[in-house]
Amino acid sequence: MKHFMSKSISGFSKLSKSKKIDWIVDTYFSNSEAAKRVLKQYWNTDEKIQQLHDEFIENTISNYYLPLGVAPNFSINGKLYTIPMVIEESSVVAAASKAAKFWLDRGGFKTTVLSTTKIGQVHFIYHGDPNRLESFFKQIKPKLIADTKAITKNMVSRGGGIMDIALRNKTQDIPGYYQLHASFETLDAMGANFINSCLEQFAKTFKKEALLFDSFLEEEKNIQIVMSILSNYVPECLVRAEVSCKVEDLKDGNISGEAFAQKFVQAVNIAEIEPYRAVTHNKGIMNGIDAVVLATGNDFRAIEACVHAYASRKGKYSSLTHAKIEDGIFTFWIEIPLALGTVGGLTGLHPLVKLALELLHHPSAKELMQVVAVAGLAQNFAALRSLTTTGIQQGHMKMHLMNILNQFEANEEEKTSLTKHFENHTVSHSAVVEALKALRAKK
């Protein structure tokens, strides 16, 4: 067996793709040919598509596949959708589909976009009189906006652009620390590049004009710009999704609607006050949200960071969903910040992203916000419905059965036989292994 020593390499990014792979497999893998074969198995046979994927990021050596599934029967504001979902976790797509079917006959999902404001900040240091800084800002604010006209022209013509700029004093937290806190409307674009370009221009104008401001003392004129960057925390870019029906319409098998509703609301109440539960509760919501965000070429890391900050906005991490019973009506809802785009980025490049957006009737950013929020609410409903009735593992482990069988390279005959066997037996990793061994021993 080879023993490898870690070693550095100069000029790796300048190597061709094949040379990069040669260095990696020779440096890190005992069977370099087998490693190279696996990497190449995931290349697209269409050279143009493969080149497209190669150029999404740097130092690309292969593609990493995730399944693209669909969840049909979603009624959102009276319109039917089949929602695309990219995720590797068993039972997520099945759970979303089941929730969609459940609510299809009970009024469907209702959604509203509450706001679409996005935020960016110029962070700077100023050690001087706050009143003189405030006076300077008021004088310079129109020029800050005017100097970005070349950047904002197209966005403004479509109805978007810079909404406002405010000066924020943060010197209680860090000596001399201030912000230019700007709000933006970016319409169907996620808008990161647009916002960052505006912020960098704000910073240039602000610093340059400070040197010319007569009311500043000489030592106050040299404002230090630390950084200019959009914020992925967008608590005002909000969408609400909800479902509601008469309590008696929630009857589920042998469970009465009243019993179902009471237990369901209790489960949500627990997630509202108990962070240990809330994290898992919200993770289930994000199973649905991230899957649609990925399928539509949006940034799921930005969405995750924002959502979890929002869940902590009152000083304690809490549930993103809420439920109540009032006058015999059960209502379950989510209000969630989602900064999404349907133009720019991967949306016009990745063939499957373009397909996913067409599947969703070519949504605007506002429409996509609503679809994504519904996917999260549906996921949470399905999870809580299982947790408060049959338990989560019964359905999940049956979905996980195929993964275990594939891990042990079961053939089609073995899969058919064991799927039938576990219709009446509890699925666990050890039980599947034992059943597979017993089946193979008979041959």
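Residues numbered from 1 in each chain as written. Predicted model: local features only at pLDDT ≥ 70, side-chain atom pairs only at ≥ 80, totals over all residues. Heavy atoms only, no water.

**Quick notes on the pattern of salt bridges**
At step 1: One pass over the full model with this rule turns up 14 salt bridges.
At step 2: Linking Glu89 and Lys283 is a salt bridge whose minimum nitrogen-to-oxygen distance equals 2.7 Å. Residue Glu89 is found in the loop between β2 (79-86) and α4 (92-104), and its partner Lys283 is found in helix α9 (residues 275-295); the two are separated by 194 residues along the sequence.
At step 3: Take Glu89: its relative accessible area is 27%, and that puts it in the partly exposed class.
At step 4: Note that Asp129 and Arg132 form a salt bridge whose closest N and O atoms lie 3.7 Å from each other.
At step 5: A relative accessible area of 24% places Asp129 in the partly exposed class.
At step 6: Of the residues examined, Arg132 reaches a relative accessible area of 24% and is grouped as partly exposed. (Salt bridge = Lys/Arg side-chain N within 4 Å of Asp/Glu carboxyl O. Helix = DSSP H or I, 4+ residues; strand = E, 2+ residues; numbered from the N terminus. Buried < 20%, exposed > 50% of the residue type's maximum accessible area, 1.4 Å probe, protein only.)

**Considering unusual backbone geometry**
At step 1: Backbone geometry at Asn59 places phi at a positive 55°, although glycine is not the residue there.
At step 2: With respect to the element layout, Asn59 can be found in the loop between α3 (47-54) and β1 (68-76).
At step 3: Overall, Asn59 belongs to the partly exposed group, its relative accessible area being 37%.
At step 4: With phi around 55°, Asp327 is a residue other than glycine that occupies positive phi space.
At step 5: Of note, Asp327 is situated in the loop between β9 (321-326) and β10 (329-337).

**Some thoughts on the packing of helix α8 (residues 257-273) against helix α12 (residues 365-387)**
At step 1: In contact at an axis separation of 10 Å, α8 and α12 are set at 115° when each is read in the N-to-C sense. Comparing the axis directions of α8 and α12 gives the class roughly perpendicular. Every pair of crossing elements has a handedness; the one defined by α8 and α12 is right-handed. Contact residues: α8 offers Phe260, Phe264, Ala267 and Val268, while α12 offers Phe381, Leu384 and Arg385.
At step 2: Within the contact of α8 with α12, the residues separate by chemical class into 6 nonpolar, no polar and 1 charged. (Axes fitted to C-alpha atoms, helices over the stretch in contact; angles between N-to-C directions. Parallel < 35°, antiparallel > 145°, perpendicular 65-115°, else oblique. Left-handed = near helix turned anticlockwise from the far one by under 90°. Contact = heavy atoms within 4.5 Å. Nonpolar A, V, L, I, M, F, W, Y, C, P; charged D, E, K, R; others polar.)

**With respect to the packing of aromatic side chains**
At step 1: Within the structure shown, the criterion is met by 23 aromatic pairs.
At step 2: Between Phe136 and Phe213, the ring centres sit 5.1 Å apart and the planes meet at 55°, which makes this aromatic pair tilted. Here Phe136 is found in helix α5 (residues 130-146), whereas its partner Phe213 is found in the loop between α7 (192-210) and β7 (224-231), with 77 residues between them in sequence.
At step 3: Given a relative accessible area of 2%, Phe136 falls into the buried group.
At step 4: Here the aromatic cluster, defined as three or more aromatic residues joined through ring pairs, consists of Phe102, Trp103, Phe260, Phe264, Phe330, Phe332 and Phe381.
At step 5: Over the aromatic face of Trp43 sits the side chain of Lys17, whose NZ or CZ is 4.0 Å from the ring centroid.
At step 6: Taking the ring centre of Tyr310 as reference, the NZ or CZ of Arg313 above it sits at 3.8 Å. (Phe/Tyr/Trp six-rings, centres within 6.5 Å; stacked < 30°, edge-to-face > 60°. Lys NZ or Arg CZ within 6 Å of the ring centre and 35° of its normal.)

**Concerning the environment of Ala192**
At step 1: Its location among the elements puts Ala192 in helix α7.
At step 2: Among the residues examined, Ala192 registers a relative accessible area of 25% and is labelled partly exposed.
At step 3: Each C-alpha atom of the pair Ala192 and Ile229 lies 8.8 Å from the other, and the pair is 37 residues apart in sequence.

Note that all results are geometric; they support no functional claim without further evidence.
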